[in-house]
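Structural characterization, general
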Amino acid sequence: MKRYKSILASILAVVMVFLVSCGSPTPTKPPTYSPETLEQISSYESELLALRDRMTELSDLIGERNWVDVSNLIHGPLGDLRRDMSYVSRLLLLPSEQKTAFAGAREVFRHLEAIDRAAEEQNYLLAEDNYGEALKDFDEFLTLLPNG
Ligand code: ZN
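Residues numbered from 1 in each chain as written. Predicted model: local features only at pLDDT ≥ 70, side-chain atom pairs only at ≥ 80, totals over all residues. Heavy atoms only, no water.

1. Details of the overall build of the protein
Note the following rule: Put simply, DSSP marks the helices as runs of H or I at least four residues long and the strands as runs of E at least two long, and each gets a number from the N terminus on. Working definition: with a 1.4 Å probe on protein chains only, accessible area under 20% of the residue-type maximum means buried, over 50% means exposed, and in between means partly exposed. Reported accessibility uses the Shrake-Rupley method at a 1.4 Å probe radius. Residues are deemed covered only where the shown protein chains occlude them.
Per the secondary structure count, the protein includes six helices and zero strands. N-terminal to C-terminal, the α/β element order of the protein is α-α-α-α-α-α. Scored against the burial criterion, the 148 residues of the protein give a buried share of 32%. As displayed, the protein offers around 9,700 Å² of accessible surface, 57% of which is attributable to carbon and sulfur atoms.

Spelled out as structure tokens, the structure:
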């Protein structure tokens, strides 16, 4: 009987908690980053910063009109940029940031594609222009990351 009572008491306690939690509307908190997500983002961020370093090599290569290496750099090491920026913007950032981030990432790709085309055409001015834009859009993207 004692055991039955204590079970009954705990059921009642659960019911009470349930009623209380239903009764008082808690204000909905805006979504925040979990520690796991923050950790993931920061590891992507170091990778992105390393890729940014590689991207700045374009400046010299374009200056030297070394079109073969410009193209190799874009198709080689900088190829990872698309994957990483897409992943971060679509799956790691808060929903409120995703649209801006993904649009920014696409801008960076657009400029890199333009540099690639400029390399094919050996068009220095087009390459130089898009290099500056790519870097600017990339830095804007980085400001959307929660740690930076
Ligand atoms: Zn742009």
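2. Let's talk about the confidence of the model for the protein
Low-pLDDT portions of the prediction should not be read for the details of their coordinates. As a reminder, the rule being used: One confidence number per residue, pLDDT, is output by the predictor and ranges from 0 to 100.
Of the residues in the protein, 82% reach a pLDDT of 70 or more, and the chain-wide mean stands at 89. Across the protein, the element-wise mean pLDDT spans from 62 in helix H1 (residues 2–23) up to 98 in helix H6 (residues 124–143).

3. Some remarks on the pattern of salt bridges
Stated formally: For this analysis, a salt bridge means a side-chain nitrogen from Lys or Arg found within 4 Å of a carboxyl oxygen belonging to Asp or Glu.
This model, assessed by the stated rule, comprises eight salt bridges. We note a salt bridge from Glu57 to Arg54, for which the minimum N-O separation is 2.8 Å. Of the two residues, Glu57 and Arg54 both sit in helix H2 (residues 35–63), three residues apart, roughly one turn of that helix. The class of Arg54 is partly exposed, set by a relative accessible area of 32%.

4. Description of the nonpolar core
Under the convention used in this document: Definition used in this section: a nonpolar core is a set of buried Ala, Val, Leu, Ile, Met, Phe, Trp, Tyr and Cys residues joined via side-chain atoms within 4.5 Å.
One finds Met55, Leu58, Val70, Leu81, Met85, Leu112 and Ile115 to be the most contacted residues of the largest nonpolar core, which totals 36 residues. At the level of secondary structure, the elements contributing two or more residues to this core comprise H2, helix H3 (67–75), helix H4 (79–92), helix H5 (95–121) and H6.

5. Section: the side chain of Asp137
Short version of the rule: The positive count covers Lys and Arg only, the negative count covers Asp and Glu only, and His and the chain ends enter neither. Here, residues are in contact when the closest pair of their heavy atoms is within 4.5 Å.
Along the chain, the position of Asp137 falls in helix H6. Look at Asp137: it is buried, it has no salt bridge, and the nearest opposite charge is Lys136 at 5.4 Å. Look past the residues within four positions of Asp137 in its chain and what remains in contact with it is Gly104, Glu107, Val108 and His111.

6. Some words on H5
We apply this condition: The span expected for a helix works out to 1.5 Å for each residue beyond the first.
Its 27 residues give H5 an end-to-end C-alpha distance of 40 Å, which sits within 8% of 39 Å, the value for a rise of 1.5 Å per residue. Here H5 has its buried residues at Ala101, Gly104, Ala105, Val108, Phe109, His111, Leu112, Ala114, Ile115, Asp116, Ala118 and Ala119. In this structure, the buried side of H5 is in contact with H2, H3, H4 and H6. In the stretch just after H5, Gln122 is the one whose phi turns positive, near 55 degrees.

7. So, unusual backbone geometry
Phi at Arg65 takes a positive value of approximately 55 degrees, unusual for a residue other than glycine. Following the sequence through the fold, Arg65 ends up in the loop between H2 and H3. Under the relative-accessibility criterion, Arg65 is labelled partly exposed at 48%. For Gln122, which is not a glycine, the phi torsion comes out positive at approximately 55 degrees. Along the chain, Gln122 turns up in the loop between H5 and H6.

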